[in-house]
Structures are given as C-alpha cells and as structure tokens.
Amino acid sequence: MSSIIQLLPDHVANQIAAGEVVQRPASVVKELLENAVDAKATDIKLIIKDAGKSLVQVIDNGLGMSVTDSRLCFERHATSKIRQAEDLFSLHTKGFRGEALASIAAIAHVEMKTKQEQEELGIHIIIEGSKFVSQEPAVLPKGTSFAVKNLFFNIPARRNFLKSETVEQRHIVDEFQRVAMAHPNIHFTMYHNGSEMFNLPISNFRQRIVNIFSGKTNEKLVPVKEDTEIVNLQGFIGKPEFSKKNRGEQFFFVNNRFIKSGYLHHAVMAAYEGLLKDGAQPSYFLYLDVPPHTIDINIHPTKTEIKFDDEHALYAILRSAIKHSLGQFNVAPVLDFDRDPNLDTPYQYQNKEAEYPTIQVDRSYNPFSEDKQPSKSFASSSNYKKPEAQPSWESLYVGLKQAGQEIAEMTFENEAVTSSLFEENEIEQEVKRTYQIHKKYIVSPIKSGMVIINQKRAHERVLYEEFLTSMTVKQASSQQLLFPLQLFYSSDEVALLAELKTSLENTGFVFEAIEDDNVLISGLPVNVTESEISIVLEELLSDLQDGIPDNSFSQNDTIAKSMARSLAIKTGTYLTEKEQENLVHNLFACKEPNVSPFQKPTFITMSVEDLDKKFSL
C-alpha cells in the first residue's frame, strides 16, 4: 500500500498558521504595533483604510533591520526575541513566537521598508502570498514601515466572514488603545481614511488615559498604588458613581502587556462590593509589574492569557489595595457612626497653612460716653432712626362695641343644604378588575378564568411598538429641556451616536451638538425622564457594541428593543389600579401581545377548569 502522509508546502502551512494569529484586521494591527514597540521606537503611526481591509500600515522610527534580517523575518519561527526555551520565562518583549510576519505575508500583499541608523541605504521588499516579488535598495528614513494590503485576498471565504466596517474599525481602535495605554512614553498617532483619530503625545499614565477617553475622565479616576515582593501595582480605578453597564473601560496590564483575567476581575469587583448598582461595571486601568519568571505567557497565540505562580496572593493584594484607595479618597463610606463628615479636612486643604482672619475694629467707640451713641463713622454709615411713640393699649379696644351689635343682628340659615346629582340607587359599586401580585404580576379576571401578566415584559412590548411606530410611521413628539443636557462619552461612542442620530431623532431625541467627547441634548422622547437618559443611551451603546445593522429596519428594531428594555417598569415596582388597567389595555391593543420584543411570553391564562383540577385531590 502506498504512503499517504506528506509534508505540507511552506505557503500552505503558513496559511493554516495564519488562521490562529490573524483573525481580522485588528490582529494585524496588534502584531505590527507590538513589533514597533519592541524595536524601541519613540514615534509610531498607524494608518488604516476601509477598516483595515484595504490597508494597514505601521510606521516607526525604531532600530530598523539589516538586509539579512529583512528577508529572514518573514520565515516561520524566525525571531530576535528569544534564543532558547528558558528565555520564555525571562521575557521583556511583546513578541517571541516568530509567526506573526510569516502568517501575515501568507494571506496579504506586504510592502516593507526598513533602514538602520548607521546604514546609508535601506531595503524595500514586496511579498504577495508568501512569494517574494522584489527586493531593492532604497533611500529611506531610520526605522521600519509595514504596509499590509488586501487582507485575505487568497482566502475569499475568510474575507467574507469579516464584519461591517464599523465593527472592524472598533476592534482596531481597541487594539490601538491597549498598546498605547501600556506605553505612554511613546508618541502614537492613528489615521483612518485620511482623517486623524488619535494623536497621543508622550505623557504619564494618567494623561494617556485622559487623552484616549476624553478630558472628562480625569475627575473619575482614583489612584491605586501598592508595592510588594510579589507585585508592584499602580494605576487608576473609577469612582462608583461613574460605573457603566458595559465592560469597555477595564484594563489589566502585566509587564506592559494587556491581558484578560476573570480571576483578577473578580478581585476588583469584590473590592467594590456594596458600592455598585446591580449589573454596573467599574472602570479600572491597572498596571501590574511582576518578576518575568513567575508568569507564563505562552498559553494562547493572542498572548492575552497569562498563568501566574501565586494567583491567590495577587487576588488578595489587588482587592485590599483597591479597597484602601476607595477608603483613602472618601469614595467608600466608613463605619464610624459618631464621625461628623463636616469636620473632615478636604484633601486640597490638608497641607495649606492657616491664615489670620481680618477683623475691623472701631477703636473710637466708647460704651461709657454720655450720649451712648455710636461713633460718627458708624452713625454716618447706618440709617439710624428714633422709633416713633406707639399709641396706648386702650386704643386697641376702640370701636369693638359697635361691631358686636352688628354681629348680633345678622341672621343665618338653620340647616345646610346638601344635594346630589345622582340618585343613590343609580351609583354602582365599582368592581376592582386587576390585582398586582408580588409587584411582578398583574392578574385580571376574564370570562373563562383569569389572565396573569408579567408587568415588565408587557411594558416592554407596549414601548417597543410605540417606538417602532414613531420611527417608521408618524413623527415622534419631544419634550424640550429648559437647560440642555451634556453627556460625556469616549470618541468611538460619540462616533456611534453620530451614526445613530437620525434614528434617535425619530424617537423624539433632539441633539443640539455632537462634539469630539460629548453630546448636547435639548429634547427627549415624551416617556423618557431626564434622569433616565444617560442609562438609556448607555444601554443602547452596549447593545450596539457588536455593530450597527446595515439595513434601516434592523437598526430601528435594535434601537426600539434597547430603549424598551431600559424604560420598562422593573420587577418590584408598585402599580396603582389605574396603572394596572392602563397597562393591560395597552398590551392587548398591541399587534403581537403574546410575546415580548425578545420572544418571551407576556401572559398566561388559567381557566376555571384548571383551577378546579388544582383542588381535586
């Protein structure tokens, strides 16, 4: 029997490996940015076109590569980061596998320009699908430029699986922000379709966070710092009142590398215990510096998962450090019931020296002088008048006798006249038609038995159909605000709101202005209060974090569902009889009263026969 096992060609093996390393354009951005950081660059530019499908280019002013290195870097398992297996436990660089450039070159058109500082000429290399097209000397500045064009050009099935441009762009921005936040000592710039999105100068950690997430972020941040033998922890956490529904502003950096860790996230949530509302997520930007031999990064190709030697100690240190910061900056309440918070010294006044009060004294005033009048300076400045003589007490009773005689002569009706518009037998006793059980269900009797309604799901269905109607059929009415409401968001969230502006205006919103990091709202839908607006928009942004649907109906449907869920009455809300009846009538006036917008039943019916069966033993 002939042999059937064979070695795969290199270009096929590279395409298979690329499936692990390069999942979308954001993966290319991450690998190229990390290579630029490892090359000791101080200025890195990221240029994107069509959300990375047409072009991903990273330009740095790093060390550059020699002629040999520029050819060898596109081979699999070729790396300058490690020499032997033991080096995996003393890593100080981002990359170490030697797979990224080979994988990228296998599925895209790559153009690389690189030059070392001491060389006169650089190298210009063009590769298409793992095949070297050309290699020429060129006059170039110091550093390296990688241009990745037409991603997945030879794997059309993979290209078709890419999401919309908005979604892919958001993933690219996420990767850019993670690398930029880990390295505030590098100047980062990002351009998308010719327009500048980010320009982050060299700064400290706090300034870098503020530059990325808008200036309003500064007042949300509480510093955290703890130095131990196991870990050196520093960074910032968000105040509980600024918590959000989504987990967009949560970052762990271990040795300047972004990671994801559910275990460490649980430690942060434990520190916030009792300070957050249900479902709220705090912001945190935490930098952990640990000895390289105590962690294992070689877990996953994306390098976002790390194994720690002593996770339990890290958990305890992280939790206690955050609790300490929340208490130190008066964010968390203290359990001293006799303490008067009005006597606390504010932080800005702790190191301030006391000032002598300025007191004005009238030195010419003499209380024993004969006239006992204030001095001239005081008398001239005050409008002092001598009180006039008051009439005697006898004048209070003048004329009372005459008034008493008049009152005696007045006549009154003996009996009060009472009447009714209806006869007593015409007034029917009003029968209660609905009942609320456990502030969750509404029970209403019907001919065959009774109907039990889930008040939250029923209200969701009513609001959902109202919003859909206002967005598609009739013009929604708005209530104008006396003072415009200003809400602050990150740059990508503001871009998302700008894209949704037309649909939101159809529901009743009125946007006065949409700036780089904030929106100004001057009108709201009729059934939305001013206190609910931030919650509604926050949940809407959370629901649309996977992208805005392309067609308008799906977009309107998503917005209507999100707003209905945010504004629906919650379980545990007491409803009056009028509110119960109104909700029941509105539900059965809907086109599809049987299910909520999320395809869950809104009510069930129980017939008298069903009740009889329950009692038959």
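Structure first, text after, so check above.
Parameters and conventions
- Residues numbered from 1 in each chain as written.
- Predicted model: local features only at pLDDT ≥ 70, side-chain atom pairs only at ≥ 80, totals over all residues.
- Heavy atoms only, no water.
- Axes fitted to C-alpha atoms, helices over the stretch in contact; angles between N-to-C directions.
- Helix = DSSP H or I, 4+ residues; strand = E, 2+ residues; numbered from the N terminus.
- Parallel < 35°, antiparallel > 145°, perpendicular 65-115°, else oblique.
- Left-handed = near helix turned anticlockwise from the far one by under 90°.
- Contact = heavy atoms within 4.5 Å.
- Nonpolar A, V, L, I, M, F, W, Y, C, P; charged D, E, K, R; others polar.
- Polar contact = N/O pair within 3.5 Å; in protein donor to acceptor, adjacent residues only side chain to side chain.
- Pairing = 2+ DSSP bridges.

Peer 1: What is the right way to look at the packing of helix α8 (residues 262-271) against helix α9 (residues 311-328) in this model?
Peer 2: When two helices pack together, you describe them by how their axes are tilted relative to each other and by the distance separating the axes. Contact pair α8 / α9: the axes reach a minimum separation of 8 Å and the direction vectors enclose 30 degrees. In terms of their interaxial angle, α8 and α9 are classed as roughly parallel. The chirality of how α8 crosses α9 is right-handed. Between α8, through Tyr-263, Leu-264, His-266, Ala-267, Val-268, Ala-270 and Ala-271, and α9, the contact on the second element is made entirely by Glu-311, His-312, Leu-314, Tyr-315, Leu-318, Arg-319, Ile-322, Lys-323 and Leu-326. Considered class by class, the residues forming the contact of α8 with α9 number 11 nonpolar, two polar and three charged.

Peer 1: When you look at the packing of helix α2 (residues 25-38) against helix α6 (residues 165-182) in this model, what are you seeing that I'm missing?
Peer 2: In the contact formed by α2 and α6, the axes pass within 8 Å of each other and the chain directions differ by 20 degrees. Between α2 and α6, the angle falls in the class roughly parallel. Pair α2 / α6 crosses with right-handed handedness. On the side of α2, the interface is formed by Pro-25, Ala-26, Val-29, Lys-30, Leu-33 and Val-37, while α6 contributes Glu-168, His-171, Ile-172, Glu-175, Phe-176 and Val-179. For the contact of α2 with α6, the class distribution of residues is eight nonpolar, one polar and three charged.

Peer 1: Mind showing me how you'd approach the side chain of Gln-580 here?
Peer 2: Along the polypeptide, Gln-580 turns up in helix α17 (residues 577-588). Among the polar contacts listed, one links the side chain of Gln-580 to the backbone nitrogen of Tyr-435, at a separation of 3.5 Å. If near-sequence neighbours (up to four positions away) are discounted, Gln-580 is found in contact with Thr-434, Tyr-435, Gln-436, Ile-442 and Leu-575.

Peer 1: I would appreciate a short explanation of the sheet that holds strand β9 (residues 221-227) in the present structure.
Peer 2: Note on sheets: strands pair through backbone hydrogen bonds, and any given pair is parallel or antiparallel. Spatial strand order, β9-β10-β13-β11-β12: five strands in an open sheet with mixed pairing. Looking at the sheet topology across the chains shown, the edges are occupied by β9 and β12 (257-259). Averaged over all pairs of adjacent strands, the angle between their axes in this sheet comes to 20 degrees, without regard to strand direction. The pairing of strand β10 (residues 232-238) with strand β13 (residues 284-289) spans six bridges and is antiparallel. Bridge assignment links Gln-234 to a residue of β13, and that residue is Tyr-287.

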